[in-house]
Each structure stands twice: as structure tokens, then as C-alpha cells.
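Coordinate analysis (summary)
Here are the chains, one letter per residue:
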Amino acid sequence: MTDRARIVVWRLVILVLLLGSWEGLTRIKAISKTPGLYWLDPFFISRPSAIVERFVYLASDRVRLSIWQMALSTVQSTLWGFVVGVSTGFVVGLVLGRNDRLARIFEPYIVAFNSLPRIALVPLITMIFGFGIVAKIVLAWTIVFFIVFFNTFQGARSVDPDLIHAARFLRASERQIMRTVIVPSALAWTFASLTPSISFALIGVVVGEFLGGESGGGLGYLIIQSLGTLNAADMMVALIALGVIGIVMALGIKQVEMRLLRWRPEYRSRA
Amino acid sequence: MIGGLVTPTSGRIDVDGRAVGGVPPPAVGYVFQKDTVFPWRTVRRNIALGLEYRGAPAAEQDRRVREAITLAGLEGFEEAFPATLSGGMRQRVALMRTLVVEPEILLMDEPFGALDTHTKLGLHAELLTLWEAKHQTVVFVTHDLGEAITLADRIVVMTRRPGRIKMLYDVGLPRPRDPIRLRETAEYAREYGEVWHVLGEEFRG
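Residues numbered from 1 in each chain as written. Chains lettered and ligands numbered in written order. Predicted model: local features only at pLDDT ≥ 70, side-chain atom pairs only at ≥ 80, totals over all residues. Heavy atoms only, no water.

1. Remarks on the overall build of chain B
Rule in force here: Here a strand is any run of E in DSSP of at least two residues, a helix any run of H or I of at least four, and the numbering for each starts at the N terminus. Just to be clear, the radius of gyration here is over C-alpha atoms, and the globule rule we use is 2.2 Å times residues to the power 0.38. Burial status follows relative accessibility: with a 1.4 Å probe on protein chains alone, a residue under 20% of its type maximum counts as buried, one over 50% as exposed, and anything between as partly exposed. Residue contacts are defined here by distance: any two heavy atoms, one from each residue, within 4.5 Å place the two residues in contact. The Shrake-Rupley method, run with a 1.4 Å probe sphere, supplies the accessible areas, and residue values consider only the shown protein chains as cover. All tallies of charge rest on Lys and Arg as positive and Asp and Glu as negative; His and the ends of each chain are not included. In this description, the location of a charge corresponds to atom NZ of lysine, CZ of arginine, CG of aspartate or CD of glutamate.
Along the backbone of chain B there are seven helices and seven strands. Scanning chain B from its N terminus toward the C terminus, one meets helices and strands in the order β-β-β-α-α-α-β-α-β-α-β-β-α-α. Taken over C-alpha atoms, the radius of gyration comes to 18 Å for chain B, in line with the 17 Å a tight globule of 205 residues would show. Per-residue burial over chain B gives 45% buried out of 205 residues. Within chain B, contacts between residues at least 6 apart in sequence are counted, and of these 62% link residues at least 24 apart. For chain B, the computed accessible surface area is about 11,000 Å², with 54% contributed by carbon and sulfur atoms. Counting 26 positive and 28 negative side-chain charges, chain B places the averaged centre of each group 5 Å from the other.

As C-alpha cells, this is what we get:
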């Protein structure tokens, strides 16, 4: 067996053990005077079989809002927030990174806004943008913007001045220097911020959905609703779905990043 | 100063009868001491940079870049990124990137300083061949006396800080030169000795 295969087998063993003991321990009654007490109480953590059952139900057309629709809504808000946040963060980072005076003027505002816990903004954003998808996008944007902004800013500042000199000797105009030296150099930093950005966008969206109610839908709504009905199984379904969405999106970004940064030695071996 | 990167404290510098100020004069090319090949561009697109900036038509860019690649012996590495190349190859890319726009004056600031002797000698041979074709003016800064004698017509010995001109020395070795065989000749040894004597005074301080 190759080393790789052995690692996969171990992973599967751990998964089976985890799911098995979860299922088993939530079924064994504890020896106790109080009736109906379990080793692990399925009321709080549900059990795998119940979760699968609820998933099948939520995925069927017997529900008004299926899990697919909710997942789609969450993915949509996340991607929009991500795209808007990355593009604005990149542009502002580039402009302030190449303009010392502007950077110094805006610094206190940026620091102040960024140190504000974004969750505190949720009620205000909801008040302004309503319960729909826009509020979630705005929330994701306020988080993603700053991650991308700070990275791009740093990247635009740390462009090797000798590369700019070299371009100038080849008679590049300022525009051409921007396009062929500063942007590609800063992009390397921006890309490094994309994977955390997509995760944070998802956080922002889910928090927004907690408050958003049914009109915005989304998996965050499913979680809050399950809290209302004390339904641990539904909550688990939503959590697992969020985990899968998070992984898939992060892997997708990683692929794009590897493709675009294939000139970097640390990406070369894997690209 | 010739490149317009630093302004002189006094006096002025003319290139082609025009005073240098602020921006690099159009006829001047510069090969840096440090590796300034753009890491995000392939070898081909690095060499094409100068032509691209000038807005040369794609067909012409293609042709001249291909010539440069053949001249520098970089065939097969056209689509390679600099990170996959050795230091000597990267410096060759930097040199071709500068030469492809045909500067009349070539400034070279210790361009081979970071390379091992073997690679350096190879690049000397290449530089001499390229020079024989175009006879550009080359201003070459080096700490390696052997390199100076191999390449130069005239050596300017500078003092330690403050850097002043200590000696002008005309190298009498015939061209074309072979950088390896040259070093075995008696004339090379004699010229080396003469300049070394003056340099030695500087080292002793």
C-alpha cells in the first residue's frame, strides 16, 4: 500500500469510528434512576441517522423552502459579497498603496472602521437594506473589503523599486508601469488574501441570515429556525451543508490562485 | 547619473548632446546588479517588454525576441518563468531584454557580480560577441579586475569613499578577445599587474 493510500484509509477509519460512536452513544440508555437518559443526549446533538433522515426530507419537495434553495441563496450572497469586496478592496488598496498622502489622510478612518466588530453592524445594515439578499452582500462586503484592501495595500507598497527603474529604462510610461509592474506585483499579495476572504464572506452572510428571516432564506435562516423549534437534526444538516460549501469554495479559489500565480516557485511544483 | 536615476551635485551630464535630468535618456539601456527580470513574465515576454512599451507591432516583437533568444542560447526556455532558471540564465534574460531595444549606451552595474566564475566567463564571451556586432558604448562597473581587462578598452580606477577617479588606463589587448585564452597571455598578466599595483594602494588605505 502506498503512503497516500494508507493515509486515506486512516481518515476513513476515523470517520467511521466518529459516526459509529455518535450513532451508538446516542442510542445507549445510561444506567440511571432517571428514565430516558442517554450516554449522549440526541436532543442536543442529534444522531447521524436522524440527520440523514432530515436531510432527505429537507431536500425533497415536501418543504416550502428546500435545502437546495437555501444553500443556493447562501452561496449567491457569499459570492456576490466576495466579488464586490475583492474588487473594491483591490482598487482602493492599489490607489492608497501608491499614493502616500491619500494613505495618510484615510488611515485613521480605515483603522477605526476596521476595528469595529462587524457583527455589531448587522442590525444597522438590516435596517438600511432590509431583510433581502442585499443586506447579506453588504455585510460580507464590509469584511472582505478590508482583508483584500490591507493585503493589496501592502503589496502595492512593497513593489521592488528596482523593477520600476528597470521598466523606466525600457521606456515604460507611468500607465505601463502600473499595468506591467505594480498590478502583477500587488496581485500576488491580493491572491494570498482570497482564501480567507471567501471564508469570511461566508461568515458575514450566515450572520446576516440569522437576522434576515425567511425572505432572504439561506442556511443561516435554517439554523435560527431550528433553534426556535429546538431541532438539533436540522441544525446539523445546515452546519454540514455550510462546511461542504466552505470547502468547495475555498478549493475553487485555491485552483484559480495556483493558476494565476504559477510563476511563483512555491506554486510551481503543485501547479 | 548617466541614467538619470541620481542628479549630480554639481556640473551636468550630456548624453548625445542633451542634458540628462530626471528620466532615463532614450538611448541608454541599464543592466542592474540585482536580478530585475519580472518574475511573473516568461522569458519570452520579459525580453519583449521594451518593444511592448514602445508599441512595436506584434510581428516585429516576435521576430526580434526570437533572434535575441537564439543569440543568448535560451532556446527551449521561451515559456519558462524566471523562478525555474539559474542566476546566469536570468542575467542573460536581463541582458537580452536591454539589448533587444538596441540602446546606443549600455550601463552595466556589476551585472555578473553574483555569478560563479564559470558562468561569468561564459557571459563575458557572449557580451564580447554581442558587442562586436553593434559596437555600443558600454559603461561597466565591476570589482573584478580580470573582468575589467577582459571586456574594456579603458579602465577607470576609482578611489574609496569619496569615489574619485584615481587612474585612467587604456587596455591594449587586441580584439576580438577570447576571455579564456586571453587570461593565459603575457600581455594580460602585464596589464593586470599594472592596474593591480594602483588598486593595491587603495586596498592598503
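So that's the structure; there's more coming.
2. Brief notes about helix H7 (residues 186-204) of chain B
Residue and element names in this part refer to chain B. Rules: A helix is expected to reach a length of 1.5 Å times the quantity of its residues less one. At every residue, the bend is computed as the angle between two fitted axes, covering the seven residues ending there and the seven beginning there respectively. Side-chain atoms alone can form a polar contact between residues adjacent in sequence; in general such a contact is a pair of N or O atoms within 3.5 Å, and within protein one must be able to donate a hydrogen while the other accepts it.
Between its first and last C-alpha atoms H7 spans 26 Å; for 19 residues at 1.5 Å apiece the expected length is 27 Å, and the two agree. At His197, H7 shows its maximal kink, close to 30°. Lining the buried residues of H7 we find helix H5 (145-151), strand E6 (154-158), strand E7 (165-170) and helix H6 (179-182). The backbone nitrogen of Tyr188 has a side-chain oxygen 3.3 Å away, supplied by the residue at the start of H7, namely Thr185.

3. Some thoughts on the interface of chain B and chain A
The following threshold applies: Salt bridges, as used here, are contacts in which a Lys or Arg side-chain nitrogen is within 4 Å of a carboxyl oxygen on Asp or Glu.
The interface is formed by 25 residues belonging to chain B together with 21 residues belonging to chain A. Where chain B packs against chain A, one counts one salt bridge. Where Glu52(B) meets Arg179(A), a salt bridge forms, and the shortest distance between an N and an O atom there is 4.0 Å. Breaking the side of chain B that touches chain A down by element, the ones donating at least two residues are strand E3 (28-31), helix H1 (43-53) and helix H3 (87-99) of chain B.

4. Brief notes about the packing of helix H8 (residues 161-169) of chain A against helix H9 (residues 174-192) of chain A
Residue and element names in this part refer to chain A. Note the following rule: Here, axes are lines fitted to C-alpha atoms. For helices the fit covers the stretch in contact, and angles between N-to-C directions go from 0 to 180 degrees. For classification purposes, an angle smaller than 35 degrees is called roughly parallel, one larger than 145 roughly antiparallel, one from 65 to 115 roughly perpendicular, and anything else oblique. Each crossing gets its handedness from the near helix: less than a right angle anticlockwise from the far helix is left-handed, clockwise is right-handed.
Where H8 meets H9, the closest approach of the two axes is 10 Å, and the angle between their N-to-C directions is 130°. By the criterion of interaxial angle, the relationship of H8 to H9 is oblique. Considering the relative orientation of H8 and H9, their crossing is right-handed. Where H8 abuts H9, its residues Leu163, Ile164, Ala167 and Arg168 lie against Glu174, Ile177 and Val181.

5. Considerations on empty space enclosed by the protein
The test is simple: A 1.4 Å probe that fits into a set of points on a 1 Å grid over the protein atoms alone but cannot get out defines a cavity; an open set with protein on both sides within 12 Å along at least five of seven lines defines a pocket, and lining residues are those with an atom within 4 Å of a point. Grid points are joined across faces, edges and corners, and a volume is the space filled by probe spheres set on the points. Residue classes follow a fixed rule: Ala, Val, Leu, Ile, Met, Phe, Trp, Tyr, Cys and Pro count as nonpolar, while Asp, Glu, Lys and Arg count as charged, and any other residue, Gly among them, counts as polar.
A full pass over the atoms with the stated rule returns three cavities of 30 Å³ or more. For the largest cavity, the calculated volume is near 90 Å³. As for the largest cavity, its lining consists of 13 residues, of which Ala166(A), Phe169(A), Leu170(A), Tyr30(B) and Thr98(B) are closest to the centre. Those elements giving two or more residues to the lining of the largest cavity turn out to be H8 of chain A together with E3 and H3 of chain B. Its residues placed into classes, the lining of the largest cavity shows nine nonpolar, three polar and one charged. Lining of the second largest cavity is provided by Val122(A), Ile125(A), Thr126(A), Gly130(A), Phe131(A), Gly132(A), Ala135(A), Lys136(A), Leu139(A), Gly208(A) and Gly212(A). Only helix H6 (122-129), helix H7 (133-157) and helix H10 (194-212) of chain A provide two or more residues apiece to the lining of the second largest cavity. When the residues that make up the lining of the second largest cavity are grouped by side-chain class, the tally is five nonpolar, five polar and one charged.

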